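# Overview (structure and organization)
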Amino acid sequence: MVEHDDSVWNGTASLIEIRRDLHAHPEAGWKEFRTTALVATELGRLGFTLHLGDEAVAVDERLGVPDEHEIVAARDRACDEGAPEELLERMGDVTGLVAERVYGDGTGPVVGVRVDMDALERVEARDESHAPMRDGYVSSHPEEMHACGHDGHTAIGIGLARELDESDFNGTLKLFFQPAEEGGRGAIPMSKSGHVDDIDYFAALHLGLGNETGKLIAGYDRPLCNCKFLVQFTGQSAHAGNAPQAGANALQAATTAIQNLYAIPRHSDGASRVNVGRVSSPNGQNVISDHAEMMIEVRGETAAINEYMMQKSKRIVTHSAEMHEVSFDIETYGKTTTFESDEEMMTAVFDSAGTVDTVTNVSKRERFGASEDASYLIQRVQKQGGKATYIGIGSDHPDGHHTPHFDIDETSIRIAVDVLLETITAL
């Protein structure tokens, strides 16, 4: 095992160093073993009570969990790359961390902050125009990349934990280091863990989203609801030239489904979306396809519209399979819902941002045009009587989210920490 590298995770390293280390070691959803373990080590030094793995999430509620061999490989890699072995043992096969600390006499509010940790399954750019490549912190993991800023989010969580230690905050802080945000897989099990049920004030956050460094949105709300399906068609192989009639073509079922999915009528009550993001059928050109797999995503402005898109999609898959005489299986891979940020919490963030010199432009409320699984955490907090908001922290980036050249302006990490610190101490 490679010895743990204290040059980065020693309690005094800068947040930029931490972010760059995370960027160089990205881990996709439910594989964030190194990230979870190193964050837990850092927060343990600061006196936080640590809830790891199945203590942080309701395991049976997880969606889109990788195969067992992928989990084992991710744990082994984390161990080789410096994750403390005792923390990996505590996690078992489950990633995620809830870190909790009482400040002062604890009579003040319980405040929760959620940051996500996972990377995307995509290849990072390797040209010298890309800062991580030029400056030596490009991804060392093939086909995994921090292309959405979650490495920065994780650093923000650590920075807040450090800074609050020196403040006069009198209450309880809970930091939610969430796995598997991409695909909408990790917030449901974290929301059902019990850790959010006593929270008075809650904030989730995101860097970038098309906003320049210095701009802050105190409350994003009304993201699109979302559901992702993994569909597998199973047919019968046959020789495409000699006996095509003996086969049942799974690929034909998939392509029939694709054509008709994009023909779903859009809903007059609000925005509705459908997309097929991946299709796979590993057969030779002279073989009738016996297996085809596809990933479908639907979105809706409301839960009702999303449900409409889901039911239409499932009906199309069912009838496409019947048309081509193949069987099929649909697995819900991930999902999100919608929310509205609370006025009280937005106002607290808005007012606090106005006291931070590096914030140059504050917007109180804006519409969130994408989807976000923090919606389940926010809804849970609100259902229990707490107040919640979703904060946007502007960060200049040279390319869009989820692209090979995505990067963040690292000065935005400090801005986020300062705004959260001011907000929490003012509550």
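Use the structure listed above.
This text gives an overview of the structure that appears in the document. What you see is a predicted model; the values in this text were computed from it and never measured. Throughout this description, residue numbers start from 1 for each chain and increase along the sequence as written. Where totals are concerned, whole chains, interfaces and linings use all residues; where local detail is concerned, this predicted model gives features only for residues with pLDDT of at least 70, and gives and counts side-chain atom pairs only at 80 or more. Side-chain numbers here rest on the full set of heavy atoms in the structure, without hydrogens or water.

### A short note on the nonpolar core
The criterion is simple. A nonpolar core is a set of buried Ala, Val, Leu, Ile, Met, Phe, Trp, Tyr and Cys residues joined through side-chain atoms within 4.5 Å. Summary of the burial criterion: residues with accessible area below 20% of their type's maximum are buried, those above 50% are exposed, and those between are partly exposed, where the area comes from a 1.4 Å probe applied to protein chains only. With 64 residues, the main nonpolar core has Leu43, Phe48, Leu173 and Leu175 as its most contacted residues. Secondary structure is summarised from DSSP: a helix means a run of H or I of at least four residues, a strand means a run of E of at least two, and numbering begins at the N terminus for each. Of the residues forming this core, the biggest block, eight residues, is contributed by helix 12 (residues 411-426). Working rule for contacts: check all heavy atoms of both residues, and any pair within 4.5 Å makes them a contact. Excluding residues within four positions of it along the chain, Leu173 makes contact with Phe48, Ala99, Glu100, Arg101, Tyr103, Val111, Val113, Leu164 and Ile424. Judged by nonpolar contacts, the second largest core, of 25 residues, contains Val57, Tyr220, Phe368 and Val381.

### Some points on the pattern of salt bridges
What counts as a salt bridge is simple: a side-chain nitrogen of Lys or Arg found within 4 Å of a carboxyl oxygen of Asp or Glu. Summed over all chains, the structure comprises 29 salt bridges. For Arg90, the salt bridge is made with Glu55, and the minimal N-O distance between the two is 3.4 Å. Note that Arg90 is positioned in helix 4 (residues 85-91) and Glu55 in the loop between strand 1 (49-52) and helix 3 (68-80), a separation of 35 residues in sequence. Overall, Glu55 belongs to the partly exposed group, its relative accessible area being 38%. A salt bridge links Lys192 to Glu61; the nearest nitrogen and oxygen atoms lie 3.4 Å apart. Here Glu61 lies in the loop between strand 1 and helix 3 and Lys192 lies in the loop between helix 7 (187-191) and strand 5 (201-207), a separation of 131 residues in the sequence. Looking at Glu61, the relative accessible area reads 32%, which means it is partly exposed. Ionic contacts of the salt-bridge type, sharing partners, join the residues Arg19, Arg20, Asp151, Asp407 and Glu410 into one network.

### Some points on the sheet that holds strand 7 (residues 225-234)
Hydrogen bonds between backbone atoms are what pair the strands of a sheet, whose relative direction is either parallel or antiparallel. Taking strand neighbours across the sheet as the criterion, the four strands line up as 8-9-7-10 in an open arrangement whose pairing is antiparallel. The open sheet has two edge strands with one neighbour each: strand 8 (272-280) and strand 10 (327-336). On average, adjacent strands in this sheet sit at an angle of 20 degrees to one another, irrespective of strand direction. Strand pairing is defined by DSSP finding a minimum of two bridges between the two strands. Sheet analysis places strand 7 next to strand 10, joined by nine bridges and oriented antiparallel. Across the sheet, residue Thr234 finds its bridge partner in strand 10, namely Ser327. Along the sheet, helix 8 (residues 250-261) contacts strand 7, strand 8 and strand 9 (291-300); its crossing angle with strand 9, the most-contacted strand, is approximately 15 degrees. Helix axes are fitted only over the stretch in contact, all axes being lines through C-alpha atoms; the angle between N-to-C directions runs from 0 to 180 degrees.

Purely geometric stuff here, so don't read any function into it on its own.
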